[in-house]
Amino acid sequence: MTLLRLAIRSHRTGALAMAAIGAVSGLLNGVGFVQVVGTTAAARQTFAAQMEVLGRQLTYLLPAPLQLDTIGGYLTWRSFGTVALIYVFWALLAGTGAARGDEERGLVEEWLAAGVSRVRLLATRVAGFAAALAASVLVMIAATAAGAAAVNEPLDSGASVLEGIAVYAIALVGFGVGIVVSQLVVTRRAASSIGAVVVVAAYVLNSASRSGVDIGTIRYLSPFYFFDRSTPLLAGGTFDVWATLVLLLTSGVVLTLGTIGFARRDLGGTIVRFAAGRRTQPTARPSKDPLLRLPVLAAVDQQRWWILGWAIGISLLAYLLTSLTRSTIDSMNAIPSLHVYIERLGIGAYSDFIGVIWFGTALLILSALAIVQVNGWAADDAEGRLETVLSTGASRARVVVERIAALLVMVGLVAAASSIVVALAAAGFGIDVPGDRLIVATVLMLPVAFAFGAIGHALVGWRPRLAVLVLGAVAMISYFVQQFVPLFGWPDWVRNTSLFALYGMPMTKVDWAGSLTLVAIGLLGLDAAIISMQRRDVGT
């Protein structure tokens with residue numbers, strides 16, 4: 001029982017963070033339903049008919065829009081699809097932590113030395129996560145129901161529970177993927193990166209399928225396909241028992257495979273043993289790569305393929321969103337409630353829409369890049385790489401400054417690539433995008449990355465295990481505040497709690513005060529990061 005309590009406690013912080021994110025999303029979307037859709041039946045039907053046309057163009061990001069004149073249909077489209085993806089990512093990170101993170105900290109060795117079998121150890125970790133996940137999903141569902149009840153649009157309690165079961169099932173799959181991938185690589189950082197690629201690929205595969213692309217039977221390889229089969233919140237909607245069972249069965253299979261791999265491999269090793277021979281001859285000569293000898297650029301050079309992948313992915317999304325600018329803004333202007341909403345956002349021209357929609361989306365993606373880097377910094381501490389760097393004579397302050405500077409270079413490269421694609425796509429689709437404003441909007445993304453990186457490193461120096469979760473919560477809160485302030489007409493001080501809102505809308509008007517505030521937050525975070533790194537022992 002003690003081991004199970006420890007397993008539950010290890011996921012406690014993550015479960016609370018996810019419950020908060022899911023609760024905020026469900027609560028605000030539930031309360032905002034009436035604000036967006038209207039109160040009369042005619043207004044709601046008009047909104048649903050027009051918004052479903054617009055929503056069909058966004059199926060690469062959101063589920064297919066159905067029954068948007070009902071709160072159940074609106075929440076299925078606007079909230080639960082996104083929340084499920086976030087839960088899967090958390091589950092993936094939790095799985096890599098359970099299967100590889102504890103091993104890096106030496107905890108697995110201690111438990112095995114105490115007589116706990118490997119199968120029992122991993123089974124207990126799975127049980128602990130399952131319990132924490134259940135509690136988190138329950139809080140999320142309850143908050144969503146409360147938001148709906150607050151606007152006199154109560155949800156069916158049974159349907160809400162079924163929606164929660166679907167989220168629970170797909171999150172278990174994400175946890176299983178994290179367990180399996182951790183048996184194939186020797187570090188949690190590598191397992192998290194590979195697992196993230198697997199999850200994104202599965203999501204994109206399903207997005208292509210629901211967008212009308214004929215991908216044949218390979219659509220069944222995506223767990224998100226089976227998640228989309230259940231729509232219990234719709235009027236007359238169904239809960240696909242077989243699809244949910246497939247998700248549960250898939251989680252059982254991957255967890256079993258992960259357990260077998262863990263039981264058979266050596267500690268610190270992988271289940272797949274590569275040939276001992278190497279094609280390259282060992283050498284005592286330094287690398288011929290000149291960038292490895294330069295501060296900051298060395299860290300960037302070591303992640304060049306990772307950066308290239310980010311740049312390609314975000315550039316493809318930039319092209320797609322830009323291509324939809326005309327049809328999207330025209331559809332939104334035709335909907336009275338959304339017309340008021342975009343007026344509050346300050347959208348007047350197509351270039352304004354690109355400034356709000358594209359750069360808002362890009363900031364969220366780039367904040368994810370920053371979170372991935374923060375996760376790597378925390379892993380450097382746990383895996384001994386930080387200790388190695390410090391042993392060469394590098395000061396802790398230098399390590400902090402170089403890490404954040406490297407992050408800014410990475411963000412700058414990715415942001416520049418995506419903005420070039422936006423300019424080319426806009427020209428191709430006949431949209432006038434002022435080049436000077438586009439450059440300013442791109443450059444001003446760096447203070448946002450600076451603020452995220454500095455806050456993240458301050459958290460790494462304080463509590464490495466909490467850094468990713470807390471920074472992820474900051475990103476999601478910033479995103480939600482930015483989205484809902486215009487909708488509810490909240491005061492400016494609420495808006496300014498969002499790092500994304502401080503970025504403003506440089507394509508329309510530059511908010512220099514907000515940008516300077518971001519720089520100030522970054523400088524304060526940098527000071528806090530240096531102080532926390534100097535005061536904390538490495539590995540504690």
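Per chain, residue numbering runs from 1 following the sequence as it is written. Totals for whole chains, interfaces and linings use all residues, but because this is a predicted model, local features are given only for residues with pLDDT of at least 70 and pairs of side-chain atoms are given and counted only at 80 or more. Think of the side-chain values as coming from all heavy atoms in the structure, minus any hydrogens and water.

Chemist: Give a detailed account of the overall build of the chain, specifying residues and quantitative values.
Modeler: A count of helical and extended segments in the chain gives 23 helices and 0 strands. Remark: exposure states derive from per-residue accessible area (1.4 Å probe, protein chains only) relative to the maximum for the residue type, with buried under 20%, exposed over 50%, and partly exposed in between. In the chain, which comprises 540 residues, the share counted as buried stands at 50%. We call two residues contacting when some pair of their heavy atoms lies within 4.5 Å. Taking the intrachain contacts of the chain between residues at least 6 apart in sequence as the baseline, contacts between residues at least 24 apart amount to 77%. Summing over all exposed atoms, the chain offers an accessible surface of approximately 24,300 Å²; the carbon and sulfur share of this is 66%. Strands here mean DSSP runs of E at least two residues long; helices mean DSSP runs of H or I at least four residues long; both are numbered from the N terminus. Where accessible areas are quoted, they stem from the Shrake-Rupley method and a 1.4 Å probe; at the residue level, only the protein chains shown are allowed to cover.

Chemist: Explain the packing of aromatic side chains residue by residue, including any values.
Modeler: Only rings of Phe, Tyr and Trp enter the pairing, Trp through its six-membered ring, and a pair is recorded when the two centres are within 6.5 Å. The plane angle decides the type: under 30 degrees is stacked, over 60 is edge-to-face, the rest tilted. In this structure the tally under the stated criterion is 11 aromatic pairs. With centroids separated by 6.1 Å and ring planes inclined at 75°, the aromatic side chains of Tyr87 and Trp90 adopt a geometry described as edge-to-face. Here Tyr87 pairs with Trp90, and both are found in helix H4 (residues 71–104), just 3 residues apart, close to one helical turn. Each member of the pair, Tyr87 as well as Trp90, is classed as buried. Ring pairs connect the aromatic residues Tyr87, Trp90, Phe129 and Phe175, which therefore count as one cluster. One Lys or Arg, Arg118, reaches over the ring of Phe262 and ends 5.4 Å from the middle of that ring. A ring is scored as having a charge over it whenever the NZ atom of a lysine or the CZ atom of an arginine sits within 6 Å of its centre and within 35 degrees of its normal.

Chemist: Any chance you could break down the pattern of salt bridges for me, citing the residues and the numbers?
Modeler: By definition, a salt bridge exists where a carboxyl oxygen of Asp or Glu is found within 4 Å of a side-chain nitrogen of Lys or Arg. Inspection of the entire model under this criterion finds 5 salt bridges. Its salt-bridge partner being Arg304, residue Asp301 comes within 3.2 Å of it at the nearest N-O pair. With a closest N to O distance of 2.7 Å, Glu402 and Arg398 form a salt bridge. With Glu402 and Arg398 both in helix H17 (residues 396–428), this residue pair falls 4 residues apart, about one helical turn. The exposure class of Arg398 is partly exposed, given its relative accessible area of 43%. One network of salt bridges, in which partners are shared, links Arg100, Glu103 and Arg265.

Chemist: Quick one: what's the story with unusual backbone geometry, residue by residue and with numbers?
Modeler: Phi at Gln67 takes a positive value of approximately 50°, unusual for a residue other than glycine. Secondary-structure assignment places Gln67 in the loop between helix H3 (41–55) and H4. What makes Gln67 partly exposed here is its relative accessible area of 25%. Here the phi dihedral of Val296 falls at roughly 70°; this positive angle occurs in a residue that is not glycine.

Chemist: Describe the side chain of Ser160, with residues and values.
Modeler: By secondary structure assignment, the location of Ser160 is in helix H7 (residues 157–182). Overall, Ser160 belongs to the buried group, its relative accessible area being 7%. Setting aside residues no more than four positions away along its own chain, Ser160 makes contact with Ile141, Leu155 and Leu233.

Chemist: I'd like a rundown of H17, residues and numbers included.
Modeler: Along its 33 residues, H17 runs 48 Å from first to last C-alpha, staying within 8% of the 48 Å computed at 1.5 Å per residue. Taken from the residues just after H17, Gly430 is the one with a positive phi, measuring 70°. Expected span of a helix, by definition, is 1.5 Å for each gap between consecutive residues, and there is one gap fewer than residues.

Chemist: Quick rundown of the packing of H7 against helix H8 (residues 188–210)? Include the residues and the values.
Modeler: Here, axes are lines fitted to C-alpha atoms. For helices the fit covers the stretch in contact, and angles between N-to-C directions go from 0 to 180 degrees. Where H7 contacts H8, the two axes come as close as 9 Å, and the packing angle between them is 130°. Taken as axis vectors, H7 and H8 run oblique relative to one another. Every pair of crossing elements has a handedness; the one defined by H7 and H8 is right-handed. Each of Val177, Val181 and Ser182 in H7 lies in contact with H8, whose residues at this interface are Ala191, Ile194, Gly195 and Val198. For this classification, under 35 degrees means roughly parallel, over 145 means roughly antiparallel, 65 to 115 means roughly perpendicular, and everything else is oblique. Handedness of a crossing is defined here by the sense of rotation of the near helix relative to the far one, left-handed for an anticlockwise turn of less than a right angle and right-handed for a clockwise turn.

Chemist: Explain the nonpolar core to me, and be specific about the residues and the numbers.
Modeler: Remark: nonpolar core denotes a set of buried residues (Ala, Val, Leu, Ile, Met, Phe, Trp, Tyr, Cys) joined through side-chain atoms within 4.5 Å. Tyr87, Trp90, Phe129, Leu133, Met140, Phe175 and Phe224 are the most contacted members of the largest nonpolar core, which has 72 residues in total. It is H4 that contributes the most residues to this core, 17 residues altogether. The next biggest cluster of nonpolar side chains, apart from the first, holds 64 residues, and it includes Ile431, Val448, Ala458 and Leu471.

Chemist: Just give me the short version of H7, but keep the residues and values in it.
Modeler: For H7, spanning 26 residues, the distance from its first C-alpha to its last is 38 Å, which sits close to the expected 38 Å at 1.5 Å a residue. Most of H7 sits inside the fold, with 19 of its 26 residues counted as buried. Contacts described as polar in this section are N or O atom pairs within 3.5 Å, which, within protein, must combine one atom able to donate a hydrogen with one able to accept it, while residues neighboring in sequence count only if both atoms come from side chains. Put simply, Asp156 is the residue that caps the front of H7, since its side-chain oxygen is 3.1 Å from the backbone nitrogen of Gly158.

Chemist: Summarise the environment of Ile21; cite the residues concerned and give the values.
Modeler: Mapping Ile21 onto the fold places it in helix H2 (residues 12–37). Given the relative accessible area of 10%, Ile21 is considered buried. Remark: the alpha-carbon pair of Ile21 and Val474, spanning 453 residues in sequence, is separated by 9.9 Å. When near neighbours in sequence (up to four residues on either side) are disregarded, Ile21 contacts Ile86, Ala473, Met476 and Phe480.

Chemist: Give a description of the confidence of the model for the chain that names residues and reports values.
Modeler: pLDDT measures how confident the predictor is about each residue, on a scale from 0 to 100. On average, residues of the chain carry a pLDDT of 81, and 86% of them reach 70 or more. Low pLDDT, under 50, characterises residues 275–279; the stretch is placed with 0 contacts to residues that sit more than four places away or in other chains.

Chemist: I'd like a description of the environment of Leu297, backed by residues and values.
Modeler: Considering the arrangement of structural elements, one finds Leu297 in helix H11 (residues 297–302). Separated by 113 residues in sequence, Leu297 and Met410 have C-alpha atoms that sit 9.6 Å apart.

Chemist: Could you give me a rundown of the packing of helix H1 (residues 2–10) against helix H6 (residues 118–150), with the residues and numbers involved?
Modeler: Packing of H1 against H6 brings their axes to within 8 Å, and their N-to-C directions diverge by 50°. Relative to H6, the element H1 lies oblique. The way H1 lies across H6 gives a crossing that is right-handed. Each of Leu3, Leu4, Ala7, Ile8 and Ser10 in H1 lies in contact with H6, whose residues at this interface are Arg120, Leu121, Thr124, Arg125, Ala127, Gly128 and Ala131. Under this grouping Gly is polar, as are all residues other than the nonpolar Ala, Val, Leu, Ile, Met, Phe, Trp, Tyr, Cys and Pro and the charged Asp, Glu, Lys and Arg. Classifying every residue of the contact of H1 with H6 gives 7 nonpolar, 3 polar and 2 charged.

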